[in-house]
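A closer look at the structure
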Amino acid sequence: QVQLAESGGGLVQAGESLRLSCAASGTIFSINAMCWYRQAPGKQRELVATVTSGSSTDYAYSVRGRFTISRDNANNTVYLQMNSLKPEDTAVYYCNIRFQIRRGGVVYISWGQGTQVTVSS
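All values derive from a computational prediction rather than experimental measurement. (Residues numbered from 1 in each chain as written. Predicted model: local features only at pLDDT ≥ 70, side-chain atom pairs only at ≥ 80, totals over all residues. Heavy atoms only, no water.)

Observations regarding the sheet that holds strand β8 (residues 77-82)
- Reading across from one edge, β1-β3-β8-β7 is the order of the 4 strands in this open sheet, with antiparallel pairing throughout. Of all the strands in the sheet, the pair left with one neighbour each is β1 (2-7) and β7 (67-72). This sheet shows a mean twist of 15° between the axes of neighbouring strands, independent of strand direction. (Pairing = 2+ DSSP bridges. Helix = DSSP H or I, 4+ residues; strand = E, 2+ residues; numbered from the N terminus. Axes fitted to C-alpha atoms, helices over the stretch in contact; angles between N-to-C directions.)

Right, dumping it as structure tokens:
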């Protein structure tokens with residue numbers, strides 16, 4: 001069983017920064033993609049950023065240039081550095097990993113519990 005522990009959310013003013021962390025623990029052979037999603041009230045969950053096992057990154061257009069995703073493979077941790085935050089970034093942020101428990105095995109998906117980010121104007 002794999003668990004994801006998120007931290008780093010909070011209340012900030014527009015223009016400020018936050019850094020989210022998500023550490024995976026449990027039976028993991030390898031982690032493929034690590035992602036951050038967010039869900040604002042009344043809206044669908046959206047993909048914010050992705051980092052692959054080869055450290056390639058991709059971002060939603062709305063956060064490009066402001067957010068940076070990174071990963072620490074030794075500690076199975078993914079980060080999301082969020083700069084120049086805007087009120088429209090307010091949402092619950094979820095981490096998501098796609099992993100294998102053995103070489104060549106099935107790719108599983110695990111979600112974090114979510115952390116609230118609130119940006120005031």
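So, a nonpolar patch on the surface
- A cluster of nonpolar residues, Ile101, Val106 and Tyr108, forms a patch on the protein surface that exposes about 270 Å² of accessible area.
- Mapped onto the secondary structure, Tyr108 falls in strand β10 (residues 108-111). (Patch = residues over 30% accessible without salt bridge, like charges linked within 9 Å, V, L, I, M, F, W, Y side chains within 5 Å. Areas by Shrake-Rupley, 256 points an atom, 1.4 Å probe, with all protein chains shown as cover. Salt bridge = Lys/Arg side-chain N within 4 Å of Asp/Glu carboxyl O.)

Some remarks on the nonpolar core
- Counting residues in hydrophobic clusters, the biggest one holds 31 residues, and the most contacted among them are Trp36, Leu80, Met82 and Tyr93.
- Among the elements of the structure, β1, β3 (18-26), β4 (30-39), β5 (46-51), β7, β8, β9 (91-100) and β11 (115-120) are those that each provide at least two residues to this core.
- With 5 residues, β9 is the largest single contributor of residues to this core. (Core = buried A, V, L, I, M, F, W, Y, C linked by side-chain atoms within 4.5 Å. Buried < 20%, exposed > 50% of the residue type's maximum accessible area, 1.4 Å probe, protein only.)

Note that all results are geometric; they support no functional claim without further evidence.
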